[in-house]
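Here's the letter readout for the chains.
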Amino acid sequence: MKVRIKFAKSGAMRFVGHLDVMRYFQKAIRRAEIDIAYSEGFSPHQIMSFAAPLGVGLESRGEYFDIEVCSVTTSEDMKERLNRVMVPGMEILSVTLLGERAKNAMASVAAAAYTVRFREGYEPAFDWVGRWAVFYAQPAIAVTKKTKKSEVLLDLKPSVYSAIAETGEDGIPVLRMLVDASSSGNVKPSLVMEAFLKENGEELSAFSLLITREETYTDAGEKGKRNLVPLDAVGTVF
């Protein structure tokens, strides 16, 4: 049986890299006494698959990983047992059962939603909310991406599905962005913001942005019609 687990990552835990997060959950699952399945062979390991890894320093309310289990209790019971062994900054949000034909978490990712803010003291010198609509209305968002051997000119516009700048409920300007997060076209919000600032005569500092991944989506559409739904929407509560 395949189970999909949704979790949030915040606070100091946002500085923990993907491999350490994976090791953390391996230990947490043992402590929570989840009946996880192990691979065969001389070095058995827990059967686990994470969705798109989150960059170091980013918070998230929509991270996912799948596990194979030998038995289950209920969604609520497994959620509570895992949350009892979580550290501050990690929270289990949902546990759902997947069908046998469901793709694993990594192969399912199609898009991700983010909120982007500027850190206090790192805001641009211009009215960035006012200028964002003009920037996004352009037919192309050209960026130069450096690789190990060369530089590649890319157009990010087709991969930025929506991007709205507004003033949040707390009075702080925020950008809400939905982007391609698939393996073939993964877009980082920081790259879009770098292009935006550059066009307005400023550079992006490494400490300028506060980025939160709000949700990770799969495409449940048919015949080329995109229908983005959260990764846990394809599972069932048990």
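Rules used throughout
- Residues numbered from 1 in each chain as written.
- Predicted model: local features only at pLDDT ≥ 70, side-chain atom pairs only at ≥ 80, totals over all residues.
- Heavy atoms only, no water.
- Helix = DSSP H or I, 4+ residues; strand = E, 2+ residues; numbered from the N terminus.
- Rg over C-alpha atoms; globule rule 2.2 N^0.38 Å.
- Buried < 20%, exposed > 50% of the residue type's maximum accessible area, 1.4 Å probe, protein only.
- Contact = heavy atoms within 4.5 Å.
- Areas by Shrake-Rupley, 256 points an atom, 1.4 Å probe, with all protein chains shown as cover.
- Lys, Arg positive; Asp, Glu negative; His and termini not counted.
- Charge placed at Lys NZ, Arg CZ, Asp CG, Glu CD.
- Salt bridge = Lys/Arg side-chain N within 4 Å of Asp/Glu carboxyl O.
- Core = buried A, V, L, I, M, F, W, Y, C linked by side-chain atoms within 4.5 Å.
- Pairing = 2+ DSSP bridges.

**A short note on the overall build of the chain**
- When you go through the chain residue by residue, the secondary structure sums to five helices and 11 strands.
- What you see for the chain is a C-alpha radius of gyration of 20 Å, in line with the 18 Å of a compact globule of 238 residues.
- C-alpha atoms of the chain, sized along the principal axes, occupy 55 × 40 × 40 Å.
- Each of the 238 residues in the chain was classed as buried or not, and the buried ones make up 44%.
- Of the contacts formed within the chain by residues at least 6 apart in sequence, a portion of 70% connects residues at least 24 apart.
- When the accessible surface of the chain is totalled, it reaches about 13300 Å², and 52% of it is carbon and sulfur.
- When the 30 positive and 31 negative side-chain charges of the chain are each reduced to one mean point, those points stand 5 Å apart.

**What about the pattern of salt bridges?**
- Tallying each qualifying case throughout the model produces nine salt bridges.
- Arg14 is the partner of Glu59 in a salt bridge, and the nearest nitrogen-oxygen pair spans 3.8 Å. Of this pair, Glu59 sits in strand 3 (residues 59–68) while Arg14 is found in the loop between strand 1 (2–9) and helix 1 (18–31), placing the two residues 45 residues apart along the sequence.
- With relative accessibility at 23%, the residue Glu59 sits in the partly exposed group.
- Residues Arg61 and Glu214 are paired through a salt bridge, measuring 2.6 Å at the closest nitrogen-oxygen approach. In this pair, Arg61 is assigned in strand 3 and Glu214 in strand 10 (residues 209–219), connecting sequence segments 153 residues apart.
- Under the relative-accessibility criterion, Arg61 is labelled partly exposed at 45%.
- Judged by its relative accessible area of 24%, Glu214 falls in the partly exposed class.

**Here's the deal with the nonpolar core**
- Counting residues in hydrophobic clusters, the biggest one holds 36 residues, and the most contacted among them are Trp132, Leu156, Val160, Leu175, Val192, Met193 and Phe196.
- By residue number, the principal contributor to this core is helix 5 (residues 189–199), which donates six residues.
- Those residues in contact with Met193, other than ones at most four positions away along the chain, are Val116, Phe118, Trp132, Leu175 and Leu209.
- Counting 24 residues, the second largest nonpolar core, distinct from the first, contains Phe7, Met48, Phe50 and Phe65.

**A short note on the pairing of strand 1**
- Counting buried positions along strand 1 yields seven of eight residues, so the element is predominantly enclosed.
- Of the pairings in the sheet, the one linking strand 1 to strand 4 (residues 90–98) comprises eight bridges and is antiparallel in character. Residue Ala8 lies in a different strand from strand 4, and its bridge partner there is Glu91.
- By the bridge criterion, seven bridges tie strand 1 to strand 3 in an arrangement that is antiparallel. Across the sheet, Val3 pairs through a bridge with Ile67, a residue of strand 3.

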